[in-house]
Amino acid sequence: MPPRTAGAARPGADRGGPAAPGRRLVAGLPLVGGARYPLCPMPDRRGKRQSPYTTDRQIAGAFEGETVSRRRFMTGVAHGAAGIATAAFGLPALAFALGPVFERTQAHWAAIGRPEEFSPDTYTPKVFTQTPGVGQVGKTTVYVRARKAEFDPPSSGQFIAVSSRCAHLGCPVRYVDAAQRFVCPCHGGVYDFLGKVTGGPPPRPLDRFTTRVRNGMVEVGPRFSVNYQLKAFSPRDPGESVDGIGQYLYPARFSTAPKK
Ligand code: FES
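Throughout, residues of each chain are indexed from 1 in the direction in which the sequence is written. Local features in this predicted model are restricted to residues whose pLDDT is 70 or higher, and side-chain atom pairs enter the listing and the counts only when it is 80 or higher, whereas totals over whole chains, interfaces and linings include all residues.

Chemist: In this structure, what is going on with the overall build of the protein? I would like to understand it.
Modeler: Secondary structure assignment for the protein yields two helices and 13 strands. The burial criterion counts other C-beta atoms lying within 10 Å of a residue's C-beta, which is placed from the backbone; the residue is buried at 20 or more, exposed at 12 or fewer, and partly exposed between these limits. A buried classification covers 18% of the 260 residues belonging to the protein. Contacts here follow a simple rule: the backbone-placed C-beta atoms of the two residues must lie within 7 Å. At a minimum sequence separation of 6, the contacts of the protein that also span at least 24 residues come to 38%. Runs of H or I in DSSP of at least four residues are treated as helices and runs of E of at least two as strands, each being numbered from the N terminus.

Chemist: Just checking my understanding: could you explain the pairing of strand β12 (residues 217-226) for this structure?
Modeler: Burial of β12 is extensive: eight of the ten residues sit out of reach of the surface. In this analysis, strands are considered paired if DSSP registers two or more bridges between them. Both strand β3 (residues 110-113) and β12 contribute to a ladder of three bridges, which runs antiparallel. Of the residues in β12, the one forming a bridge with glycine 113 is valine 218. Here strand β11 (residues 208-214) pairs with β12 via six bridges, running antiparallel. Of the residues in β12, the one forming a bridge with arginine 212 is glutamate 219. Hairpin connection from β12 to strand β13 (residues 232-233): five residues lie between these consecutive antiparallel strands, with leucine 230 at a positive phi of about 60 degrees.

Chemist: Help me understand the confidence of the model for the protein in this model?
Modeler: The predicted coordinates of low-pLDDT regions are not to be read in fine detail. Taken residue by residue, the protein gives an average pLDDT of 82. The fraction at 70 or more is 79%. Scored from 0 to 100, pLDDT reflects the predictor's confidence in each residue. Predicted confidence for residues 1-17 stays below pLDDT 50, and this span has ten contacts to residues more than four positions away or in other chains.

Chemist: How do you make sense of the sheet that holds strand β8 (residues 181-183) when you look at a structure like this?
Modeler: Across a sheet, paired strands are connected by hydrogen bonds in the backbone, their directions being either parallel or antiparallel. With respect to topology, four strands assemble into an open sheet ordered β7-β8-β9-β10, the strand pairing being antiparallel. Edge positions in the sheet fall to β7 (174-176) and β10 (197-199), since each of these pairs with one other strand and no more. Across three bridges, β7 lies against β8 in antiparallel orientation. Across the sheet, tyrosine 175 pairs through a bridge with phenylalanine 182, a residue of β8.

Chemist: I tried to follow the nonpolar core on my own but got confused; where do I start?
Modeler: Note on soluble globular proteins: their nonpolar side chains tend to be buried together. To form a nonpolar core, buried Ala, Val, Leu, Ile, Met, Phe, Trp, Tyr and Cys residues must be joined through C-beta atoms within 7 Å. Counting residues in hydrophobic clusters, the biggest one holds 23 residues, and the most contacted among them are Val142, Val144, Ala161 and Val162. Breaking this core down by element, the ones donating at least two residues are β5 (139-146), β6 (159-163) and β12. For this core, the leading source of residues is β6, giving four residues. Dropping the residues within four chain positions of it, valine 144 is found in contact with Ile112, Phe118, Tyr123, Thr124, Lys126, Phe159, Ile160 and Ala161.

Chemist: It is not clear to me how unusual backbone geometry should be interpreted in this structure. Could you clarify?
Modeler: One can expect most non-glycine residues to show negative phi and most peptide bonds to be in trans. For asparagine 215, which is not glycine, the phi torsion reads 55 degrees and is therefore positive. On the secondary structure map, asparagine 215 appears in the loop between β11 and β12. Although it is not a glycine, leucine 230 adopts a positive phi angle of roughly 60 degrees. With respect to the element layout, leucine 230 can be found in the loop between β12 and β13.

Chemist: Help me understand helix α1 (residues 70-102) in this model?
Modeler: In an α-helix, one turn spans 3.6 residues, which is why side chains three or four residues apart end up on the same side. Look at α1: 45 Å from first C-alpha to last across 33 residues, which is about the 48 Å you get at 1.5 Å a residue. Bend is computed residue by residue as the angle between axes fitted to the seven residues ending at the residue and the seven residues starting at it. Helix geometry: α1 is bent most strongly at phenylalanine 96, by close to 30 degrees, with proline proline 100 lying one to four residues after it. With zero of 33 residues buried, α1 lies mostly on the surface of the structure. The length a helix should cover is 1.5 Å for every residue beyond the first.

Chemist: Help me understand the environment of asparagine 227, please; the structure alone is not making it clear to me.
Modeler: Take asparagine 227: it is sitting in the loop between β12 and β13. With 17 C-beta atoms counted inside 10 Å, the residue asparagine 227 sits in the partly exposed group. Separated by 20 residues in sequence, asparagine 227 and aspartate 207 have C-alpha atoms that sit 9.1 Å apart. Excluding anything up to four places from it in sequence, asparagine 227 contacts Arg204, Phe233, Val242 and Asp243.

Rendered as structure tokens:
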């Protein structure tokens, strides 16, 4: 069979010959294969309703009187069954994984001492139960001092309670009174008297705890994070910044307890 070239007439096509069955010659249109046809003849289906019967639609294997072919019906049943099976396994697993994220924990308050125990010039370490019901692992150390009007705004409350968990990776920091610094032993993180980072990799100041005085006792409650202006944010995990774009990159969890 000789090769066809662009523009060559189809074998058997005859210039000016009869049109192929079902095709209409139109005057004024370019020559295609020796005859004048619309370049893109499209069937006009507007206003025509498709027959609901598979035999009318010439579907392979169609039976008289059926509106859905058996193949299409079985395909739909198989897809439906697969969807139900996937949901039966997937939805419980998804709920198990995401459920705790939306579960809001209750605020827990713990008494840590009498007000006169705390000085505005140094921190006193106190151990309290932050997460009840889990034994010793629910306890944490907090460094507490009385408010110092010199650099603590009135909104800080009467007492300042600073978390001992390093804001880098969570190692326990220690307050060194001689240097008035918090020092982390893991990667050399250093914080000043207010808990702001002065050295090392921590991305934000030390977290704090809400405090209040009830029945003559100082109590500590929910933890919160602070930025470099000591503005309070919902508690974040170690390694998460709350300054600049960090507060949007590391949003608060739904599960955190309300501050008050
Ligand atoms: S965990 Fe404290 S500096 Fe890395």
